[in-house]
Amino acid sequence: MSTRPRVCVLHVGGTIGMVRTETGYAPQPGFLAEYMDAMPELRRPELPAFDVVSLEPLLDSADMAPEDWVRIAEAIAARYADYTGFVVVHGTDTMAYTASALSFLLPGLAKPVILTGSQLSLTHVRSDGREHIITAILLAGTCEIPEVCIYFASRLLRGNRAQKVHNLDFVAFDSGNLPPLAHVGVGIEVARHLVRKPGPAGTAGLTMLPQVRRPEVAAVRLFPGIGAAMMSKLLEPPLEALVLETYGVGNAPSRDQALLSAIARSAAPPREVVIVNCSQCHGGSVRQTTYSTGAALARAGVLSGFDMTPEAALTKLYCLLASGLPPAAVRARMQQDLAGEMTPDPASATVS
C-alpha cells in the first residue's frame, strides 16, 4: 500500500484569508486554517494529506519585502524532507516577485512549490480561492513538476515567467514568453516538454541560496522625456543594481548623450552598478543589436535581460547580490538561465 502524499500549506497572507474590518480587508490569523478544516472536499481520499502552517505576521502582499522572501524560503527548506510538495498561500499584488525570488533562493529544487491566492476573499460567496486551494494541493502532492509555480484560474505558470495582468478579472496572471506548464479542466494536462528536470537536491534535503546582506536594487520605467538629471540621481550610491524597463525590444532615447553618459559612468568601475535591460512589453525579448537605440545601451555597459520579466530580473539581481557575489560575478550570472527565467540570445548580449 502506497503512502499518501503530504503537502505543506504555508499561509503568508493575501486576500484569500482576509476578513472585512472597519478599515477594509485585512489578514486574520487562524481564519484560513479554520475555513479549510470545514471544507469537505479537502477530506476526500483522492486528495493529498496536508498541514497548514501560518507564517506570521500575515501580510497583505503590498507589504512584502525581500526579508519575507527569505523567511518563506527558509520555511520550505526547513520542512523540505517532510513533504511531497508545498503550497504558498499569498496575495496577488506581489506574487510574481515572491515566486521569482523563491526560484532563485531554492536552487536544485526537486519538488513542487506552488503559489496561489485569490481575487476575492474566502468570505465572499463567489470567491475563486476555494478551487485554487483544492487544485494547488492536488498539483503539489501528485504532479512531478519540480518548479516554483503560480496556480491561478485553471493554469499553472512558471513563477519566474508570470506577471499580474489584471486586478479585477479572475484571470489575474499571464506569462508572455512561456505557455502554461499545465492546464486544469476536466482533467489535468501537463506540458511535460516545458517542465524542468528535478534539481540535484532530490527529496531529502535542500540548501537555500545564502543571503548574507541586503543590497540596494531598484527598477525604473523609461518614459518620453526622462532626463539625465533624474537618471543620475537614481544611479547615485548606494544603488548597486538597476532594472531598466525600456521600450519594445530594448530601446531607449539615444540622442540624449547626457543620459547615456550617466548610465555608462555608473556601469563602469569603480561603481560597477549592474544595469539590466528588460522590455516594458508583456511578451517578447530584448534584442540590443536590432536598433541603434538599443545598441547604445549595450555600449554603455547595460546587460540584456533577454525575455526576463522585470520582476524576475529584479529578484534575481537582489538574490545574487545578497548572496555575497561581486558585481562581475553577478553580471555573468544575469546572462545565464538559472531557474528557467530566461531564454538567452547570444545576438542580444552586451556589445563591447
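The structure reproduced in this document is the subject of the present report. (Residues numbered from 1 in each chain as written. Predicted model: local features only at pLDDT ≥ 70, side-chain atom pairs only at ≥ 80, totals over all residues. Heavy atoms only, no water.)

1. Description of empty space enclosed by the protein
One pass over the full model with this rule turns up two cavities of 30 Å³ or more. Computed from the structure, the largest cavity encloses a volume of approximately 60 Å³. Lining the largest cavity, in full, are Gln163, Asn177, Ser279, Cys281, His282, Gly284, Phe306, Asp307, Met308, Thr309 and Pro310. Grouping the amino acids of the lining of the largest cavity by side-chain chemistry returns four nonpolar, six polar and one charged. For the second largest cavity, the calculated volume is near 30 Å³. In terms of lining, the second largest cavity is formed by Arg161, Gln163, Gly176, Asn177, His282, Asp307 and Thr309. Class assignment for the residues of the lining of the second largest cavity results in no nonpolar, five polar and two charged. (1 Å grid on protein atoms, 1.4 Å probe; cavity = no way out; pocket = protein on both sides within 12 Å on 5 of 7 lines; lining within 4 Å. Points joined across faces, edges and corners; volume = space filled by probe spheres on them. Nonpolar A, V, L, I, M, F, W, Y, C, P; charged D, E, K, R; others polar.)

2. So, unusual backbone geometry
Cis geometry is adopted by the peptide bond preceding Pro57, which originates at Glu56 and carries an omega value of 5°. Summarising the element assignment, Pro57 is placed in strand β4 (residues 49-59). Cis geometry marks the peptide bond from Pro237 to Pro238; its omega dihedral reads 15°. Relative to the elements of secondary structure, Pro238 occurs in the loop between α5 (228-234) and β14 (241-246). (Helix = DSSP H or I, 4+ residues; strand = E, 2+ residues; numbered from the N terminus.)

3. Examining helix α6 (residues 257-267)
Among the residues making up α6, those that are buried are Leu259, Leu260, Ala262, Ile263, Ser266 and Ala267. One side of α6 holds all its buried residues, which, seen down the axis, span an arc of 155°. Across from the buried face of α6, at angles greater than 90 degrees, the exposed residues are Gln257 and Arg265. Buried residues belonging to α6 abut α5, β14, β15 (274-279) and α7 (292-299). (Buried < 20%, exposed > 50% of the residue type's maximum accessible area, 1.4 Å probe, protein only. Arc of directions from axis to C-beta. Contact = heavy atoms within 4.5 Å.)

4. A few points about the sheet that holds β15
Taking strand neighbours across the sheet as the criterion, the four strands line up as β13-β14-β15-β16 in an open arrangement whose pairing is parallel. The open sheet has two edge strands, β13 (217-221) and β16 (303-304), and neither has a second partner. Summarising the sheet, β13 and β14 pair through five bridges and their orientation is parallel. The residue of β14 that forms the bridge with Ala219 is Val243. Contacting β15 and β16, helix α9 (residues 327-334) runs over the sheet at an angle of about 20° to β15. (Pairing = 2+ DSSP bridges. Axes fitted to C-alpha atoms, helices over the stretch in contact; angles between N-to-C directions.)

5. Considerations on the pairing of β15
Among the six residues of β15, six are classified as buried, and the element is accordingly described as predominantly covered. Along β15, one buried face is formed by Val274, Val276 and Cys278 and the opposite face, lined by Ile275, Asn277 and Ser279, is buried too. Pairing between β14 and β15: six bridges, direction parallel. The residue bridging Val243 from the neighbouring strand is Val276, located in β15. Where the polypeptide runs from β14 across α6 and back to β15, its parallel neighbour, the crossover connection is right-handed. Sheet topology note: the β15/β16 ladder contains two bridges and is parallel. (Right-handed = clockwise from strand over helix to strand, strands pointing away.)

6. Focus: the packing of aromatic side chains
Throughout the structure, instances matching the rule amount to five aromatic pairs. Ring plane angle 50° and centroid distance 5.9 Å describe the contact between Phe31 and Tyr35, whose orientation is recorded as tilted. With a gap of four residues between them, Phe31 and Tyr35 both fall in helix α1 (residues 31-37), about one helical turn apart. A residue is classified by how much of its surface remains accessible, and Phe31, at 13% relative accessible area, is buried. Judged by relative accessible area, Tyr35 falls into the partly exposed class, the value being 22%. By way of ring pairs, the aromatic residues Tyr80, Tyr83 and Phe86 are connected into one cluster. For the cation-ring pair, Lys111 lies above Tyr80, with the distance from its terminal atom to the ring centre recorded as 4.5 Å. (Phe/Tyr/Trp six-rings, centres within 6.5 Å; stacked < 30°, edge-to-face > 60°. Lys NZ or Arg CZ within 6 Å of the ring centre and 35° of its normal.)

7. So, the environment of Ile137
Structurally, the position occupied by Ile137 is in helix α4 (residues 129-142). Sequence-distant contacts of Ile137, that is, excluding residues within four places in its chain, are made with Val7, Val9, Met36, Leu42, Pro48, Phe50 and Val87.

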